[in-house]
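# Reading the structure
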Amino acid sequence: MPAPAHLDPRLLRAFVAVAEELHFTRAAARLYVAQQALSRDVRRLERELGAELFVRSTRQVTPTADGERLLPYARRVLQAQDDLLAAFGQARPLLVDLNSPGLVTGRLVLERARSLAPEQELMARYESGLTHAAGELVAGRLDASFGRFAGLPAALRAGLAHQPVRYEPMAVVLPEDHPLARLAEVPLTALAGESVYAGAGNPRTPEWTDLAHLLFEGRGIQVASPAPLAIGEEEFQRIMDKTRNPILAVRSFPAMPSTVVRPLVDPVPLSPVSLVWRKGLVHPALDALRRAASQVATEKGWLEVPDGGWIPAADAAVMSVHK
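Criteria and cut-off values
Residues numbered from 1 in each chain as written. Predicted model: local features only at pLDDT ≥ 70, side-chain atom pairs only at ≥ 80, totals over all residues. Heavy atoms only, no water. Helix = DSSP H or I, 4+ residues; strand = E, 2+ residues; numbered from the N terminus. Buried < 20%, exposed > 50% of the residue type's maximum accessible area, 1.4 Å probe, protein only. Contact = heavy atoms within 4.5 Å. Areas by Shrake-Rupley, 256 points an atom, 1.4 Å probe, with all protein chains shown as cover. Lys, Arg positive; Asp, Glu negative; His and termini not counted. Charge placed at Lys NZ, Arg CZ, Asp CG, Glu CD. Expected span 1.5 Å × (residues − 1). Arc of directions from axis to C-beta. Salt bridge = Lys/Arg side-chain N within 4 Å of Asp/Glu carboxyl O. Pairing = 2+ DSSP bridges. Phe/Tyr/Trp six-rings, centres within 6.5 Å; stacked < 30°, edge-to-face > 60°.

Another aspect to go through is the overall build of the chain. When its secondary structure is counted, the chain shows 11 helices and 13 strands. Taken over 323 residues, the chain has a buried fraction of 46%. Sequence-distant contacts in the chain: of pairs separated by 6 or more residues, those separated by 24 or more amount to 75%. Split by element, the accessible area of the chain, about 16000 Å² in all, is 54% carbon and sulfur. Where the 36 positive side-chain charges of the chain centre and where its 36 negative ones centre are 4 Å apart.

This part takes up helix α3 (residues 35-49). A rise of 1.5 Å per residue sets the reference length of α3, with its 15 residues, at 21 Å; its end C-alpha atoms lie 21 Å apart and thus fit the reference within 8%. Buried within α3 are the following residues: Leu38, Asp41, Val42, Leu45 and Glu46. The buried side chains of α3 occupy one side of the element, clustering within an arc of 135 degrees when seen end-on. Exposed residues lying more than 90 degrees from the buried face of α3 are Gln36, Arg40 and Arg47. Following α3 by one or two positions, glycine 50 has its phi on the positive side, about 65 degrees.

Moving on, we get to unusual backbone geometry. Across the junction of aspartate 266 and proline 267, the peptide omega takes the value 0 degrees, indicating a cis bond. With respect to the helices and strands, proline 267 occurs in the loop between β11 (259-265) and β12 (268-278). We note that serine 258 has phi near 65 degrees; this positive angle belongs to a residue other than glycine. Along the chain, serine 258 turns up in the loop between β10 (247-250) and β11.

What follows covers the pattern of salt bridges. Scanning the entire structure with this criterion turns up 17 salt bridges. For the salt bridge of glutamate 20 with arginine 75, the shortest nitrogen-to-oxygen distance reads 2.9 Å. In this pair, glutamate 20 sits in helix α1 (residues 9-21) while arginine 75 sits in helix α4 (residues 65-87), placing the two residues 55 residues apart along the sequence. For the salt bridge of glutamate 46 with arginine 56, the shortest nitrogen-to-oxygen distance reads 3.1 Å. Here the residue glutamate 46 occupies a position in helix α3, and arginine 56 occupies one in strand β1 (residues 54-56), the gap between them amounting to 10 residues. Of the residues examined, glutamate 46 reaches a relative accessible area of 7% and is grouped as buried.

This part is about the pairing of strand β6 (residues 160-175). For β6, a buried count of 16 out of 16 residues is recorded, marking the element as mostly surrounded by other parts of the structure. For β6 and β10, the ladder comprises four bridges, and the chain directions are antiparallel. Residue valine 173 lies in a different strand from β10, and its bridge partner there is isoleucine 247. Note: β6 against β11, five bridges, orientation antiparallel. Bridging from a neighbouring strand, valine 172 pairs with arginine 262 of β11.

Looking now at the environment of leucine 152. Relative to the helices and strands, leucine 152 is located in the loop between β5 (144-147) and α7 (154-157). The spatial distance from the C-alpha of leucine 152 to the C-alpha of glutamate 207 is 6.3 Å, given a sequence separation of 55 residues.

On to the packing of aromatic side chains. In total, this model carries two aromatic pairs according to the counting rule given. Arranged with centres 5.4 Å apart and planes meeting at 40 degrees, the rings of phenylalanine 15 and phenylalanine 54 form a pair that is tilted. Here phenylalanine 54 lies in strand β1 and phenylalanine 15 lies in helix α1, a separation of 39 residues in the sequence. Across this residue pair, the class does not change: phenylalanine 15 and phenylalanine 54 are buried. Look at phenylalanine 24 and phenylalanine 54: their rings are 6.3 Å apart centre to centre, the planes differ by 70 degrees, and that puts the pair in the edge-to-face class. Here phenylalanine 24, found in helix α2 (residues 24-31), pairs with phenylalanine 54, found in strand β1; they are 30 residues apart in sequence, far enough to count as distant. For the pair phenylalanine 24 and phenylalanine 54, a shared accessibility class is recorded, and that class is buried.

In structure tokens, the structure reads:
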């Protein structure tokens, strides 16, 4: 069959979503279309190319050799289309990961960006941790996220750019009947002998667990053993109620029932937060997001290190130079 004179980018977008999700229902949800419409678009693309792109079964969807061959070309075409539309003010929504609903830093930056560019659509997502979000950024399924850039593997950082946003003071979440809960501030030395939960075993947040190891080293504090991965605030609280471990957090962490949030001091540990995006991404809403991050950080003094502040040397180096 001769090659088609042109291809509808919508068909390519349907193909890429299925190839990345390996599931028609998830791909349809990602594109906000009905599953039947998505299946119809993929079938049409297969007819136009004269090639079967997926092996379908009741249990799984797998790309064929032709599907694997098409995928990088389709991604490049769609990126080019996005760049063209962005250049003429017709950009698709910018997908911005805020990690978790209760965290403040990303939400404040996003709110400012929306006010700076009301004609653009910036949509929030919640991926829980920067390591997981970074993979989504590189794959093009997400546009921006917030978190500890120095905690990412070098291979992931190579495909990303970042802008320092904040040194966020850290805290500990305690059961309200914990002996340390009566303190207004908790010195790090007071945690000696404790096992503190810092996401160990969570594949989405190893950058946070690594920061905890660096902070606790030489202070007699242990990173608590992995707990069952809990999705959602209710499940997280239920697991933490069972373990009763203190939880390493940031000061803006929303308090859960029967817990208190106490600032950590002596020294004041800081969580480095960057705005992170895929290298080469062109989008007017990303420009607004970067301007917003700079404005809010300046207004609130987020990049000023307080007296007695603690930050790993590697993080300080990464936060002082950015692309």
